[in-house]
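Listed below are the residues making up each chain.
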Amino acid sequence: MLTVTGTDGVQYEVKIATLVMGAIDTGMKNPLDGMPIFNLQTQVLVQVKRKTDG
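Parameters and conventions
- Residues numbered from 1 in each chain as written.
- Predicted model: local features only at pLDDT ≥ 70, side-chain atom pairs only at ≥ 80, totals over all residues.
- Heavy atoms only, no water.
- Helix = DSSP H or I, 4+ residues; strand = E, 2+ residues; numbered from the N terminus.
- Rg over C-alpha atoms; globule rule 2.2 N^0.38 Å.
- Buried < 20%, exposed > 50% of the residue type's maximum accessible area, 1.4 Å probe, protein only.
- Contact = heavy atoms within 4.5 Å.
- Areas by Shrake-Rupley, 256 points an atom, 1.4 Å probe, with all protein chains shown as cover.
- Lys, Arg positive; Asp, Glu negative; His and termini not counted.
- Charge placed at Lys NZ, Arg CZ, Asp CG, Glu CD.
- Salt bridge = Lys/Arg side-chain N within 4 Å of Asp/Glu carboxyl O.

(A) Seen up close, the overall build of the protein. Summing up its helical and strand segments, the protein has 0 helices and 3 strands in all. Its C-alpha atoms give the protein a radius of gyration of 19 Å, clearly above 10 Å, the size a compact globule of 54 residues would have. For the protein, the spread of C-alpha atoms along the principal axes amounts to about 50 × 25 × 20 Å. Counting every position in the protein, which comprises 54 residues, the buried fraction comes to 6%. Taking the intrachain contacts of the protein between residues at least 6 apart in sequence as the baseline, contacts between residues at least 24 apart amount to 38%. For the protein, the exposed area adds up to about 4,700 Å²; of that, 56% sits on carbon and sulfur atoms. Each charge class in the protein was averaged separately, 5 positive and 5 negative side chains, and the resulting centres sit 5 Å apart.

(B) How the structure looks around the pattern of salt bridges. Taken as a whole and assessed by the stated rule, the structure comprises 1 salt bridge. Where K49 meets E13, a salt bridge forms, and the shortest distance between an N and an O atom there is 3.9 Å. Of this pair, K49 sits in strand β3 (residues 36-50) while E13 sits in strand β2 (residues 11-29); the two residues are 36 residues apart in sequence, bridging distant segments of the chain. Residue K49 is classed as partly exposed on the basis of its relative accessible area, which comes to 42%.

(C) Local environment of the side chain of E13. Residue E13 is classed as buried on the basis of its relative accessible area, which comes to 18%. Those residues in contact with E13, other than ones at most four positions away along the chain, are M1, L2, Q47, V48, K49 and K51.

As structure tokens, then:
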């Protein structure tokens, strides 16, 4: 979550999330740590709303 100020001086609250829709094991291992390598299907989600004075 971050606060952004627009050119008009209004502050907005921006929330960014990553939605993982699927993961597929490639059958390969990372040579650095031996962990499996996955292909991920992802989508970035963004929500913007006007920040209110607390």
